[in-house]
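Fold and geometry: a report
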Amino acid sequence: MVRALFGRPWYVTETLEQMYLIGIGSLFLIVLTGAFAGQGFALAFSVELADFGAKNYLGRIMSISIVRELGPVLCGLMVAARVAAGITAEIGAMKSSNQLDAMVAFGIDPIRKIAVPRLIALIVMVPVLTIICDVIAILGGWIIAGLIAHVTTTMYWSAVFERLIFGNIFIGLFKPVCFSFIIAFVACYKGFSAEGGTKGVGQATTESVVLTSITILCVNFFITKLVFSLIKGYL
Amino acid sequence: MIEFRNVDFRYEERPILQNISFRINGSESVVFMGASGSGKSTILRLILGLETPQRGEVLIDGKEITRMKESAKRDIRKNIGMVFQDGALFDSLTVGENVGYYLFEHTNLADDEIESRVRQMLGFVGLDPDDVIDKLPEQLSGGMQRRVAIGRALLSTNPKIMLYDEPTTGLDPQSSENVLRLIVKLQEERSVCSIVVTHQIADSFAIAKRFVVIDKGTVAFDGTLDQLRDSNIPQVTEFLDPFRESMAGVLERKFVAPG
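Residues numbered from 1 in each chain as written. Chains lettered and ligands numbered in written order. Predicted model: local features only at pLDDT ≥ 70, side-chain atom pairs only at ≥ 80, totals over all residues.

Our focus in this paragraph is the confidence of the model for chain B. Residue and element names in this part refer to chain B. For chain B, per-residue confidence averages 86 on the pLDDT scale, and 93% of positions sit at 70 or higher. Least confident of the elements in chain B is helix H12 (residues 244-251), whose mean pLDDT is 60; most confident is helix H3 (residues 95-99), at 95. Reported confidence for the predicted complex is 0.82 by ipTM and 0.82 by pTM. (pLDDT = per-residue confidence, 0-100. Helix = DSSP H or I, 4+ residues; strand = E, 2+ residues; numbered from the N terminus.)

As a rule of thumb, nonpolar side chains are buried together in soluble globular proteins. Ranked by internal contacts, the top residues of the largest apolar core, which has 72 residues, are Phe32, Ile47, Met82, Leu163 and Ile183 of chain B. Element by element, the count of residues in this core is highest for helix H7 (residues 142-157) of chain B, at seven residues. Every residue in contact with isoleucine 47 of chain B, bar those within four places of it in the chain, is listed here: Ile2, Val58, Ile60, Ile80 and Leu163 of chain B. By size, the runner-up hydrophobic cluster in this structure holds 54 residues, among which are Leu74, Ile182, Ile183 and Cys188 of chain A. (Core = buried A, V, L, I, M, F, W, Y, C linked by C-beta atoms within 7 Å. Buried ≥ 20, exposed ≤ 12 C-beta atoms within 10 Å, placed from the backbone. Contact = placed C-beta atoms within 7 Å.)

Residue and element names in this part refer to chain A. At their nearest, the axes of helix H5 (residues 110-147) and helix H7 (residues 166-192) sit 8 Å apart, and the two run at 145° to each other. Crossing of H5 over H7 shows right-handed handedness. For the pair H5 and H7, the contacting residues are Ala115, Arg118, Leu119, Leu122, Ile123, Val126, Pro127, Thr130 and Asp134 in the first and Gly172, Leu173, Pro176, Val177, Phe179, Ser180, Ile183, Ala184 and Cys188 in the second. Residues belonging to the contact of H5 with H7 are distributed by class as follows: 13 nonpolar, three polar and two charged. (Axes fitted to C-alpha atoms, helices over the stretch in contact; angles between N-to-C directions. Left-handed = near helix turned anticlockwise from the far one by under 90°. Nonpolar A, V, L, I, M, F, W, Y, C, P; charged D, E, K, R; others polar.)

Further remarks concern the packing of helix H3 (residues 58-96) of chain A against H5 of chain A. Residues and elements named next belong to chain A. Close contact between H3 and H5 brings their axes to 7 Å; oriented N to C, the two are set at 145°. In this structure, H3 crosses over H5, and the sense of that crossing is right-handed. By residue class, the composition of the contact of H3 with H5 is 18 nonpolar, six polar and two charged.

For the rest of this paragraph, the subject is the sheet that holds strand E3 (residues 29-33) of chain B. Either a parallel or an antiparallel arrangement is found when strands of a sheet pair, and the pairing is made through backbone hydrogen bonds. All names here are of chain B. Strand order in this open sheet of six strands is E6-E7-E8-E3-E9-E10, and the pairing throughout is mixed. Every other strand in the sheet has two partners, leaving strand E6 (80-83) and strand E10 (218-224) as the edge strands with one partner each. Across the sheet, the mean angle separating the axes of adjacent strands is 15° when strand polarity is ignored. (Pairing = 2+ DSSP bridges.)

This part covers unusual backbone geometry. Residues and elements named next belong to chain B. Residues other than glycine seldom take positive phi values, yet asparagine 19 does so here, at roughly 50°. For serine 191, which is not glycine, the phi dihedral falls at a positive 50°. Among the secondary structure elements, serine 191 is positioned in the loop between helix H8 (173-190) and strand E8 (193-197).

Moving on: helix H2 (residues 12-51) of chain A. Residue and element names in this part refer to chain A. Taking 1.5 Å of rise per residue, the 40 residues of H2 would be expected to cover 58 Å, and the 55 Å separating its terminal C-alpha atoms lies within 8% of that figure. The sharpest bend along H2 measures roughly 45° and falls at leucine 27. Just downstream of H2 lies glycine 53, where phi reads positive at about 65°. (Expected span 1.5 Å × (residues − 1). Bend = angle between axes of the 7 residues up to and from the residue.)

All right, on to the interface of chain B and chain A then. Interface extent is often summarised as the accessible area lost during association of the parts. Every contact between the two is made by 15 residues of chain B and, on the other side, ten residues of chain A. For the side of chain B that touches chain A, the elements supplying multiple residues, two or more each, are helix H2 (70-77) and helix H4 (101-106) of chain B. Split into classes, the residues belonging to the side of chain B that touches chain A amount to eight nonpolar, three polar and four charged.

Listed below in structure tokens is the structure:
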């Protein structure tokens, strides 16, 4: 699939269509996820920080944890649940009804025509969705900071921006790109290898979502570990 | 010309075809018959290069295709049209987009020109272009879907060889007859080599002069209709016996291509 990424023909229309379906289609889900995750996280931490008289650090914690960890992971998991299932089911259904063979018979490479546009769309849209998720989650934290934790707006945002440094932003955008590859590879592989008719497609779809989610969580840990080893000075 | 030389094909260690050899010339029409699971459809997939045999050679116009690169196979496929079982139409595309699929993907023709050719082809396969061109495949009957699939195969490559996988299975008698008429029409008007896989005995007699019976992955019989009827080969008689009573009338059945 990676080799096909750089070869002709390029299916621009299909790629733009997938970007729309993945990006706009997942937007509401991501906004909801960011809003509730951010508020819940801020609520839990504001209580704990208050015990130590450190409520003013809420913005700092929100900034680091959302941008570096929660935003990319939550966004990755949500997109995996929504998009991976769709990709696997679509490709699996096409395979079981011989549509993939028909494509090959007409001289079309299904990897280039189906898998590559979805991969490119994911690589572009998941980081964008992650940024939106981060912003919404931090805004949610600001609401909790103001209404419940009684942290001033100035204090909250200055703490947030204090930790929005290159290293954190880099990790926060590097992870979604990795997650995009995981979602595309697993979902397409499960779709192309689905067998056994409708039941097989259903099973492949379930496996796709489970495997994608677990892999995202594992890879997230190892990226964080790797980053701490390599660029700790920039964090 | 299509030639199989000692072809063996296994699927997950299960033997599907064993030591299959035959040759089909130019504009011949051949029907492959046999029980479900006997390996008939696999023969079509091997001709199209969708599967690779574990042993033996498949030659299309003298070129051995089993070890060819995918890009080279694409050139071979340009001369072959395939009508898959159940049509295999792209369900997210309209009938017009399905029939014009190859032209949209592989040519720089203007949309108007493609639509004009699509309409012409829909008319050729006996469908009303105005009625069906914007419909989705699921909105058509099984027989109409099969005719759209034939139109798609024809418009794509102007093929010398047409492969039909169970073209009438699951269709009502009228739809079935329409599809068979179309196959005969293609043979007569375009002199294409037709290879039809079916277990519909009655249909097969109407569209070919040569018959191959596949039994458990081997060629049990290869000959004309008269030879088939008089055959004493156990696998052939076992396959044909359930149809003997109705065969007499069926043998007289002839399809005339519509004008």
